[in-house]
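Each chain, written out:
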Amino acid sequence: MRWFGWLRRGSAQVAMHAVPIMALDGRRRTPGVPYPFPVDIEETNRLDFQHYVFRYALQGIYAAPVTDPASILDVGTGTGVWAREMATHFPRAKVIGLDVNLPPTDERAGTGVGLDLRPSNYEFVPGNILEGLPFADGAFDFVHMRLLVTALPHDRWPFVVNEMVRVTRIGGWVESVEATTLEQGGPAVDMLMHWVTEMLARRGVLFSDGGAVGDLLRDAGLANITARKMLLPFGAHGDRLGMLLATDFFNGFPALGSLIVAQGIATQEQFDTTLATARADTASSQVRCLSPVYVAYGQRMR
Ligand SMILES: C[S@@+](CC[C@H](N)C(=O)[O-])C[C@H]1O[C@@H](n2cnc3c(N)ncnc32)[C@H](O)[C@@H]1O
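All of the points below concern the structure found in this document. (Residues numbered from 1 in each chain as written. Predicted model: local features only at pLDDT ≥ 70, side-chain atom pairs only at ≥ 80, totals over all residues. Heavy atoms only, no water.)

**Let's talk about the sheet that holds strand E4 (residues 94-99)**
Reading across from one edge, E5-E4-E3-E6-E7-E9-E8 is the order of the seven strands in this open sheet, with mixed pairing throughout. Only two strands of the sheet have a single partner each, and these edge strands are strand E5 (122-126) and strand E8 (223-233). In this sheet, adjacent strand axes meet at a mean angle of 15° when their direction is disregarded. Of the strand pairs in this sheet, strand E7 (residues 168-179) and strand E9 (residues 290-299) are connected by seven bridges, and their pairing is antiparallel. Bridge pairing links Glu175 to Tyr297 in E9. In this fold helix H7 (residues 239-252) packs onto E8 and E9, with an angle of close to 95° to the strand it touches most, E8. (Pairing = 2+ DSSP bridges. Helix = DSSP H or I, 4+ residues; strand = E, 2+ residues; numbered from the N terminus. Axes fitted to C-alpha atoms, helices over the stretch in contact; angles between N-to-C directions. Contact = heavy atoms within 4.5 Å.)

This is the structure:
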């Protein structure tokens, strides 16, 4: 039996198999949303890898002082790995992962191929956060969202955070974990950051919004806010963590090249050359590149 059917408000649901996927440069993307990364097995593997890098970097997968939550929501759950881990960590909680794209683990369930490794207290629910959350007010003890900065237009952030607060019960917690552009990586990294910032801006997305999550939670009326900025070492100077972050970045960033080129921001040759230079630069321990990560959480008190 699947839980949470009673929580849904029908109208905002996404018919997953009815959603067409458009092809761009040989990789599939999600139509109808600004999110620029592809949806394919390569990206799935990168997102799972990124989850483990973040778990290592942050020494855990959540920061809010939740102790025995009965219900947890992960907005933009990606592969669902965070939600499934939380379901295992809190076996008495019901955990929902929501995304516009069906996680491969859920897609494969019921096909008879491989084991269904989803905890029984985990469920995937399709949904587009930009259209609102398909849950009743106060339905969750803990609502979490991580790394959606490239997916949310600047002027929609207040709506998104308000939705997260709305579905959190009084006394429950909302947490947001985001990143902004790499710093101090040298001219090639700076150029890549400039290009991606421009590409996203043309979709209404401000990369710098990732650094404002604490303020956004405060503006949404949450109390007991904690907001931390961490400057993670990126590249060879950061030893193991730095190399893990660089591996994640150089696996994911090439997919943005086709969008940058399609918008006339750089040529493919400029992009490829600059990416190669950035990779070489950050492989030198002389380059002190930093990857800013922001963790913010707050409590709903009214
Ligand atoms: C960078 S991934 C992060 C995944 C996951 N939160 C994590 O940290 O591993 C961003 C996810 O947001 C999803 N997404 C993008 N736009 C969305 C929207 N409007 N509503 C719901 N999910 C969205 C994407 O499909 C993708 O799975």
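**Description of the packing of helix H5 (residues 187-201) against helix H9 (residues 268-282)**
How two helices pack is summed up by the angle between their axes together with the distance between the axes. Direction vectors running N to C along H5 and H9 enclose 130°, while the axes themselves pass 8 Å from each other. Looking at the two axes, H5 sits oblique to H9. With respect to the hand of their crossing, H5 and H9 are arranged in left-handed fashion. Contact residues: H5 offers Ala188, Val189, Met191, Leu192 and Trp195, while H9 offers Gln270, Phe271, Thr274, Leu275, Thr277, Ala278, Asp281 and Thr282. (Parallel < 35°, antiparallel > 145°, perpendicular 65-115°, else oblique. Left-handed = near helix turned anticlockwise from the far one by under 90°.)

**Some remarks on the packing of aromatic side chains**
Going through the model one piece at a time under the given rule, you end up with twelve aromatic pairs. For the pair Phe234 and Phe249, a centre-to-centre distance of 5.5 Å together with 85° between the ring planes defines the contact as edge-to-face. Note that Phe234 is positioned in the loop between E8 and H7 and Phe249 in helix H7, a separation of 15 residues in sequence. According to the relative accessible area criterion, Phe249 is buried, its value standing at 14%. Between Phe249 and Phe253, the ring centres sit 4.8 Å apart and the planes meet at 25°, which makes this aromatic pair stacked. In this structure, Phe249 and Phe253 share a single accessibility class: buried. Ring-pair connections join several aromatic residues into one group, and the members of that group are Trp195, Phe234, Phe249, Phe250, Phe253 and Phe271. Across from the ring centre of Phe37, 5.0 Å away, lies the NZ or CZ of Arg46, which sits over that ring. Seen from the ring of Phe159, Arg156 lies directly overhead, with NZ or CZ sitting 4.8 Å from the centre. (Phe/Tyr/Trp six-rings, centres within 6.5 Å; stacked < 30°, edge-to-face > 60°. Buried < 20%, exposed > 50% of the residue type's maximum accessible area, 1.4 Å probe, protein only. Lys NZ or Arg CZ within 6 Å of the ring centre and 35° of its normal.)

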